[in-house]
Amino acid sequence: MKIDFANLQYQHELYKDEIESAILKVARNCNFIMGNEVQGLEKSLEEFTGAKYAVSCSNGTDALLLAMMALDIKPGDEVITTPFTFIATAEMIAFLSAIPVFVDIDEKTYNIDPNKIEEKITSKTKAIIPVSLYGQPADMDKVNQIAKKYNLKVIIDGAQSFGSTYDGITDSALADISTTSFFPAKPLGCYGDGGAVFTNDEELANKMKSLRLHGQSIRYHHQYIGMGGRLDTIQAAVLNIKLKYYKKDLALRQEVASKYTKALENKSNIILPYVDKKSTSAWAQYSIRVKNRDEVQNRLKEAGIPTAVHYPMPLHLQECFLYLGYKKSDFPISEIVSEEIMSLPMNPYVTDEEINYIVENL
């Protein structure tokens, strides 16, 4: 048996008639930039998430950049985040010449440990960026309480968690600004790059709309130093179709995750994913921990089972962040998890036969 990790081809086959028709419509109209499909998508995203304002953009990395620019993060400002995530989170902090300040993760959820945030707050701290890793929001009650206490802003990096909830609210509506990615392999993916930012603040929404268009409010009149951060109309057209079926896909992801967990729950040498009782996960990944990861991955590969490591090296040990002065053992939980974490094939269409085969070989 040969198993597809993300199974994007199968999903395309399910919706191809509608998607290809939508793409063709954009091509025939030749309205490739900021076409009607973009405005339609933003309205649908607002309805889906419960956030008052959704602003589409070019990708999840630019979404983080737009959020920090809108909140006036400046050189020398400190932004607290996690070292156990994809580089984009801290990369965009550094891109603005602000300072990433890392806080270790909770060993169960792998999200930022809110109990360790306050000790890292200084007079230079301006914001906190929790990451909803693998699809599950961080402990947003505690994060938001700390932010309120110290008058800080909160940006949720929800690149992996679109459609997840915390205390019944989507993580797109839990912070000053929330971001997401529509990279093809994300739970809701387009056919290239794409992203969005969400907020309940009209002023921030209008500012981010301007920033993604080179800071202009009306054509050739520029209020801010901005960027070229628009979502292509063709990608919006794809997302408009896929969003219609997204609740069903999320439910299927839940089923796949539950089946994995049930089949693996008695394996004492495997640590399974943990979802907090206040949260739901979008299950961008189904990530387990094993001590002999390299051996396990190689054996599974021989059996035609793909795996991935999200992520093999914490950010504080990456060469590009050595200037921050961190060293090995500064964030021990992130380091241990990075050595043991391994993601199994995860998409809405993993079959029972495939799950049984994966579990048997694992």
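Structure: see above.
Calculation criteria
Residues numbered from 1 in each chain as written. Predicted model: local features only at pLDDT ≥ 70, side-chain atom pairs only at ≥ 80, totals over all residues. Heavy atoms only, no water. Helix = DSSP H or I, 4+ residues; strand = E, 2+ residues; numbered from the N terminus. Buried < 20%, exposed > 50% of the residue type's maximum accessible area, 1.4 Å probe, protein only. Contact = heavy atoms within 4.5 Å. Areas by Shrake-Rupley, 256 points an atom, 1.4 Å probe, with all protein chains shown as cover. Lys, Arg positive; Asp, Glu negative; His and termini not counted. Charge placed at Lys NZ, Arg CZ, Asp CG, Glu CD. Pairing = 2+ DSSP bridges. Axes fitted to C-alpha atoms, helices over the stretch in contact; angles between N-to-C directions. Core = buried A, V, L, I, M, F, W, Y, C linked by side-chain atoms within 4.5 Å. Polar contact = N/O pair within 3.5 Å; in protein donor to acceptor, adjacent residues only side chain to side chain. Parallel < 35°, antiparallel > 145°, perpendicular 65-115°, else oblique. Left-handed = near helix turned anticlockwise from the far one by under 90°. Nonpolar A, V, L, I, M, F, W, Y, C, P; charged D, E, K, R; others polar.

Engineer: What should I look at first to understand the overall build of the chain in this one?
Structural biologist: The helix and strand tally for the chain stands at 11 helices and 14 strands. Projecting the C-alpha coordinates of the chain onto the three principal axes gives extents of approximately 60 × 55 × 35 Å. Counting over 362 residues, the chain shows a buried share of 54%. When contacts within the chain are restricted to residue pairs at least 6 apart in sequence, those whose partners lie at least 24 apart make up 70%. Summed over all atoms, the accessible surface of the chain reaches about 16,300 Å², with 50% contributed by carbon and sulfur. When the 39 basic and 47 acidic side-chain charges of the chain are each reduced to a single mean position, those positions are 2 Å apart.

Engineer: Any chance you could explain the pairing of strand β1 (residues 53–57) here in plain terms?
Structural biologist: Walk down a regular strand and you will see the side chains alternate between the two sheet faces. Burial within β1 is extensive, with four of its five residues counted as buried. Bridge count between β1 and strand β9 (residues 195–199): five bridges; the pairing is antiparallel. Within β9, the position partnered with Ala54 by the bridge is Phe198.

Engineer: Whenever I open this one, helix α10 (residues 332–340) confuses me. Can you help?
Structural biologist: An α-helical turn contains 3.6 residues, so any two residues separated by three or four positions project in the same direction. What α10 keeps buried is the set Ile333, Ser334, Glu335, Val337, Ser338 and Glu340. Buried residues belonging to α10 abut β13 (286–289), α9 (293–302) and β14 (341–344).

Engineer: I keep staring at the sheet that holds strand β4 (residues 125–129) and nothing clicks. Help me out?
Structural biologist: Pairing between the strands of a sheet comes from backbone hydrogen bonds, and it takes one of two forms, parallel or antiparallel. If you trace the seven strands from one edge of the open sheet to the other, you get β1-β9-β8-β5-β4-β2-β3, paired in mixed fashion. The open sheet has two edge strands with one neighbour each: β1 and β3 (99–102). Averaged over all pairs of adjacent strands, the angle between strand axes in this sheet comes to 25°, irrespective of strand direction. Contacts between helix α2 (residues 36–49) and the sheet are confined to β1 and β9, with β1 contributing the most and set at about 135° to the helix. In the packing of helix α6 (residues 202–211) onto the sheet, the strands contacted are β1, β8 (177–181) and β9, and the crossing angle to β1 comes to about 15°.

Engineer: Can you walk me through the nonpolar core in this structure?
Structural biologist: When a protein is soluble and globular, its nonpolar side chains tend to lie buried together. Residues Met68, Ile73, Ile155 and Ile177 are the most contacted members of the largest nonpolar core, which totals 27 residues. Per-element accounting of this core gives the leading share, eight residues, to helix α3 (residues 60–70). Each residue touching Ile73, except ones within four places of it in the same chain, is listed here: Met68, Val79, Leu96, Ala98, Lys126 and Ala127. Grouped together as the second largest cluster of nonpolar side chains are 24 residues, Ile80, Ala138, Leu315 and Phe331 included.

Engineer: How do you make sense of the side chain of Gln160 when you look at a structure like this?
Structural biologist: The residue Gln160 is located in the loop between β5 (153–157) and β6 (165–166) in this model. For Gln160, the side chain forms a polar contact with the main-chain nitrogen of Tyr134, separated by 2.6 Å. Of the polar contacts made by the side chain of Gln160, one reaches the side chain of Tyr311; its length is 2.8 Å. What Gln160 contacts, discounting residues up to four positions off in sequence, is Ser132, Leu133, Tyr134, Gly135, Lys186, Pro187, Ala282, Ala284 and Tyr311.

Engineer: Just to check I follow, could you spell out unusual backbone geometry for this structure?
Structural biologist: Comment: phi is negative for the bulk of residues other than glycine, and the bulk of peptide bonds are trans. Cis rather than trans, the peptide bond between His310 and Tyr311 has omega equal to 15°. Of note, Tyr311 is situated in the loop between α9 and α10. Here Tyr134, not a glycine, exhibits a phi torsion of approximately 60°, which is positive. Its relative accessible area of 7% is what places Tyr134 among the buried residues. A positive phi angle, close to 60°, is found at Asn151, a residue other than glycine. For Asn151, the position within the fold is in the loop between α5 (140–150) and β5.

Engineer: Any chance you could explain the packing of α3 against helix α4 (residues 88–95) here in plain terms?
Structural biologist: Geometrically, a packed helix pair is captured by the angle between its two axes and the distance between the axes. As a packed pair, α3 and α4 sit with axes 9 Å apart at the nearest point and diverge in direction by 45°. Between α3 and α4, the angle is such that the two are oblique. Both α3 and α4 take part in a crossing whose hand is right-handed. Side by side, α3 and α4 meet where Thr61, Leu64, Leu65 and Met68 of the first sit next to Ala88, Thr89, Glu91, Met92, Ile93 and Phe95 of the second. Taken together, the residues that form the contact of α3 with α4 break down as seven nonpolar, two polar and one charged.

That is the geometry; function is a separate question.
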